[in-house]
Amino acid sequence: MEQRTNICKVVLLAALGVWLALGVGCSRDERPLVVYVGKGLDFPMEEVKQVFEKQHQENPLTIIYGGSETLLSTIQKTRKGDLFIPGSAGYISSAGDLVKEDRYVADHLPVFAVRADNPKNLQTFSDLLADGVKLAVGNKDMCAIGQVAEAIINASDRQAAFRDNIVITGTTVNELIKLVADGEVDAALVWADMLQWPEGKGLRRVEIPSAINTVEEIRIAVMTTSASPQSAALFANFLVTEGQAIFARHGFGVK
């Protein structure tokens, strides 16, 4: 797993180098804003990108998607980029002095996804902890949903049964929904909004008891490393206003 993590980081670093190289020779206003985004946010963010760039053609965006932990590591190593939107606000806190300011965007609600026609007739959270149920969760060292899974397990009064049923840990939440859709596991811990994705077709949600569930905030951070801080602030303001409505349409909670 450590080798796989290192490979992911190398790929991200190489990709960032290419994007930065493409910006050489551009004026400050023409250089794309580099936005690091948690992989599970790609559907609303692609719509946000389209709308923002239409309104602000002078401020194109380069969005780098990945597991939140991997993105944070990339930012810390390169000290490059303009904005950071991880799947959990905790990663922004971990970024320390790399963050100039951060603002609330939306809420992320964890649920378990199961196939609507699942042969084990999984209906409740308790059903998921029965013997022989195969679960997939995120890797707590690589993605936001993995940290959420660890918090939910630790809050449960049936930790042993929960851990015994975990057969796969994924590096991104996108892998998790595919695992349950493809029938490789019986259920996967994902974000509720993902059930609106094409990959979520034929899946339904199993609610996690509110006493142990962990609702995460999506926040956007303007980074101290930004080469275009005014443009970065412009995008952040767009995301928490017009962009927030886009997130709501994609199934995210909004306060």
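Each remark here, short or long, concerns the structure printed above.
Residues numbered from 1 in each chain as written. Predicted model: local features only at pLDDT ≥ 70, side-chain atom pairs only at ≥ 80, totals over all residues. Heavy atoms only, no water.

K.L.:
Where do I start with empty space enclosed by the protein in this structure?
P.N.:
Remark: the empty space left among the atoms is shown by a probe the size of a water molecule rolled over them. Under the counting rule described, the total for this entry stands at 1 cavity of 30 Å³ or more. Of the volumes computed, that of the largest cavity is approximately 90 Å³. Taken together, 15 residues form the lining of the largest cavity, with G38, K39, G40, S68 and V173 sitting closest to its centre. Along the lines of polarity and charge, the residues of the lining of the largest cavity split into 6 nonpolar, 8 polar and 1 charged. (1 Å grid on protein atoms, 1.4 Å probe; cavity = no way out; pocket = protein on both sides within 12 Å on 5 of 7 lines; lining within 4 Å. Points joined across faces, edges and corners; volume = space filled by probe spheres on them. Nonpolar A, V, L, I, M, F, W, Y, C, P; charged D, E, K, R; others polar.)

K.L.:
Looking at this structure, how should I read the side chain of H250?
P.N.:
Tracing the sequence through the fold places H250 in the segment after helix 10 (242-249). At 2.8 Å, the side chain of H250 forms a polar contact with the side chain of E47. Apart from the residues lying within four places of it in its own chain, the contact partners of H250 are F43, P44, E47, D193 and Q196. (Helix = DSSP H or I, 4+ residues; strand = E, 2+ residues; numbered from the N terminus. Polar contact = N/O pair within 3.5 Å; in protein donor to acceptor, adjacent residues only side chain to side chain. Contact = heavy atoms within 4.5 Å.)

K.L.:
Teacher, can you tell me more about helix 3 (residues 68-78) here?
P.N.:
The periodicity of an α-helix, 3.6 residues per turn, causes residues three or four positions apart to be oriented the same way. Buried residues of helix 3: S68, T70, L71, L72, S73, T74 and I75, and no others. Just downstream of helix 3 lies R79, where phi reads positive at about 50 degrees. (Buried < 20%, exposed > 50% of the residue type's maximum accessible area, 1.4 Å probe, protein only.)

K.L.:
Even after reading the chapter, I still don't get the sheet that holds strand 7 (residues 166-170), so can you show me in this structure?
P.N.:
Note: strands within a sheet are paired through backbone hydrogen bonds, in either parallel or antiparallel orientation. Spatially, 5 strands are ordered 7-6-8-5-9 in an open sheet, and the strand pairing comes out mixed. Each edge of the open sheet carries a strand with a single partner, namely strand 7 and strand 9 (203-206). Averaged over all adjacent pairs, the angle separating strand axes in this sheet is 35 degrees, with direction ignored. Pairing of strand 6 (residues 135-138) with strand 7, which is carried by 4 bridges, proceeds in the parallel orientation. (Pairing = 2+ DSSP bridges. Axes fitted to C-alpha atoms, helices over the stretch in contact; angles between N-to-C directions.)

K.L.:
Could you clarify how one ought to interpret the sheet that holds strand 4 (residues 99-108) in this entry?
P.N.:
Pairing is mixed across the open sheet formed by 5 strands, whose spatial order is 2-1-3-10-4. Of all the strands in the sheet, just strand 2 (61-66) and strand 4 have a single pairing partner and so form its edges. Across this sheet, the average inter-strand angle for adjacent strands is 20 degrees, counted without regard to direction. Taken together, the 3 bridges between strand 1 (residues 33-38) and strand 3 (residues 83-85) define a ladder with parallel strand orientation. From the neighbouring strand, V35 faces strand 3, where its bridge partner is L83. Sheet strands touched by helix 3: strand 1, strand 2, strand 3 and strand 10 (216-223). Its angle to strand 1, the strand with the most contacts, is close to 145 degrees. This element, helix 9 (residues 229-239), spans strand 1, strand 2, strand 3, strand 4 and strand 10 of the sheet and lies at about 160 degrees to strand 10.

These figures come from the coordinates and say nothing about function on their own.
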